[in-house]
Amino acid sequence: MTATRKLAAGNWKMNGTAASLVEIEKLLETHPEPGCEMLICPPATLIAQTAWRCRDKHLKIGGQDCHWESAGAHTGDISAAMLADAGASYVILGHSERRSDHGETDIEVAVKTRAAWGAGLAAVVCVGETERQRDLGTTLVVVGGQLDTSLPEGCTAGNLVVAYEPVWAIGTGRTPTLAEIAEVHDFIRAALERRFGAEGAGVRILYGGSVKPSNAAEIFAVSNVDGALVGGASLKAADFGAIVDALSAA
Ligand code: 13P
């Protein structure tokens with residue numbers, strides 16, 4: 001499996017209990033050999049169970065955040081090494097909900113990204129503008145600044161995925177136009193190439209924000225869209241499976 005394979009990633013956020021494992025079972029049953037890479041990031045409580053179930057399958061498991069230290073006195077936090085130990089191979093970092101709920105900064109995201117690499121995890125680093133920032137015409141400035149500071153030196157096609165998630169499109173049913181998605185993804189690609197050369201050209205750039213079976217195919221046809229980071233529609237195997245199918249056909 002090469003790093004440049006398209007990636008359908010599901011972020012379950014703070015959703016899912018043992019009863020949700022049935023959705024993992026369904027996904028494994030309906031998509032034993034997907035035409036793209038599949039990743040589910042369940043809540044931390046389900047990582048070990050799901051990763052064990054998927055150990056010899058084409059479904060990877062990831063965390064939704066990690067601490068920047070590998071161990072220590074940080075009540076309630078989870079280290080990258082612990083995620084890796086539980087069977088995760090990816091971790092989402094800098095999601096806008098972490099930035100707004102926990103005040104996470106770009107610098108923290110960069111330090112966490114290095115911690116993820118240290119534990120052998122690939123980082124899915126999220127960037128995206130708020131509605132006000134888009135209305136002010138500052139989308140590219142905001143996203144450019146987030147990339148500059150959130151990405152440490154040493155990014156490669158294998159250790160980094162960037163997710164463009166406009167904050168106003170998350171969980172709202174609203175999406176940017178295809179031209180707006182293309183503009184930001186092309187901008188991110190150029191920034192990655194400028195800084196990381198050939199490796200930057202191979203980093204996968206995911207779109208996230210109200211991706212559903214009904215709009216996935218048109219989004220996947222946009223230039224420099226290498227997959228999706230899916231929230232609500234990843235909770236049901238049927239919906240996520242349909243998005244996986246659209247990406248496999250893109
Ligand atoms: P929705 O797909 O529910 O809009 O969430 C997107 C997201 O935040 C994925 O990380």
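The model shown is predicted, which means the values in this text are computed figures rather than measured ones.

Along the protein, the regular secondary structure elements total 10 helices and 8 strands. Taking 2.2 N^0.38 as the reference for a compact globule, 250 residues should give roughly 18 Å; the C-alpha atoms of the protein span a radius of gyration of 17 Å, in line with that estimate. Seen through its principal axes, the protein has C-alpha atoms that stretch 45 × 45 × 35 Å. Nonlocal contacts in the protein, meaning residues at least 24 apart in sequence, comprise 72% of its contacts between residues at least 6 apart. When the accessible surface of the protein is summed, it comes to about 10600 Å², and 54% of that surface belongs to carbon and sulfur atoms. Put simply, the protein has 21 plus and 30 minus side-chain charges, and the middle of one group is 2 Å from the middle of the other.

Take the sheet that holds strand S4 (residues 90–93) next. The strand order S1-S2-S3-S4-S5-S6-S7-S8 describes a closed barrel built from 8 strands, whose pairing is parallel. With strand direction ignored, the average angle separating the axes of adjacent strands in the sheet is 25°. Taken together, the 5 bridges between strand S1 (residues 7–11) and strand S2 (residues 37–41) define a ladder with parallel strand orientation. Bridge pairing in S2 links Ala9 to Leu39.

What follows deals with the site of the ligand. Taken together, 13 residues surround the ligand, and among them Lys13, His95, Gly171, Ser210 and Gly232 come closest. Taking Glu165, its side chain carries an N or O atom lying 2.9 Å from an oxygen atom of the ligand. Protein burial of the ligand: of its 300 Å² of free accessible surface, 94% is covered by the chains. Of the residues assigned to the shell around the ligand, the class counts are 4 nonpolar, 7 polar and 2 charged.

On to the environment of Ser248, then. Mapped onto the secondary structure, Ser248 falls in helix H10 (residues 237–249). C-alpha separation for the pair Ser248 and Val125, spaced 123 residues apart in sequence, amounts to 23 Å. Other than its neighbours up to four places away in sequence, Ser248 contacts Pro34, Gly35 and Cys36. A polar contact of 2.8 Å, which involves the side chain of Ser248, links it to the backbone oxygen of Val244.

As for its placement among the helices and strands, His67 is situated in the loop between strand S3 (60–63) and helix H3 (80–86). Setting aside residues no more than four positions away along its own chain, His67 makes contact with His74, Asp77, Ile78, Ser79, Ala80, Lys112 and Ala115.

At a minimum axis separation of 7 Å, helix H5 (residues 106–118) and helix H7 (residues 139–150) run at an interaxial angle of 45°. Taken together, the axes of H5 and H7 lie oblique to each other. Crossing geometry of H5 relative to H7 is assigned as right-handed. Only Gly145, Gln146, Thr149 and Ser150 of H7 make contact with H5, whose side of the interface consists of Asp106, Ile107, Val109, Ala110 and Thr113.

Okay, the packing of helix H9 (residues 213–220) against H10 next. Packing of H9 against H10 brings their axes to within 9 Å, and their N-to-C directions diverge by 20°. One element, H9, and the other, H10, form an angle in the roughly parallel class. Read as a crossing pair, H9 and H10 show a hand that is right-handed. Judged by residue contacts, Pro213, Ala216, Ala217 and Phe220 of H9 engage Asp239, Ala242, Ile243, Ala246 and Leu247 from H10. Looking at the contact of H9 with H10 residue by residue, the classes come out as 8 nonpolar, no polar and 1 charged.

What counts and what doesn't
Residues numbered from 1 in each chain as written. Predicted model: local features only at pLDDT ≥ 70, side-chain atom pairs only at ≥ 80, totals over all residues. Heavy atoms only, no water. Helix = DSSP H or I, 4+ residues; strand = E, 2+ residues; numbered from the N terminus. Rg over C-alpha atoms; globule rule 2.2 N^0.38 Å. Contact = heavy atoms within 4.5 Å. Areas by Shrake-Rupley, 256 points an atom, 1.4 Å probe, with all protein chains shown as cover. Lys, Arg positive; Asp, Glu negative; His and termini not counted. Charge placed at Lys NZ, Arg CZ, Asp CG, Glu CD. Pairing = 2+ DSSP bridges. Axes fitted to C-alpha atoms, helices over the stretch in contact; angles between N-to-C directions. Near = heavy atom within 4 Å. Polar contact = N/O pair within 3.5 Å; in protein donor to acceptor, adjacent residues only side chain to side chain. Nonpolar A, V, L, I, M, F, W, Y, C, P; charged D, E, K, R; others polar. Parallel < 35°, antiparallel > 145°, perpendicular 65-115°, else oblique. Left-handed = near helix turned anticlockwise from the far one by under 90°.

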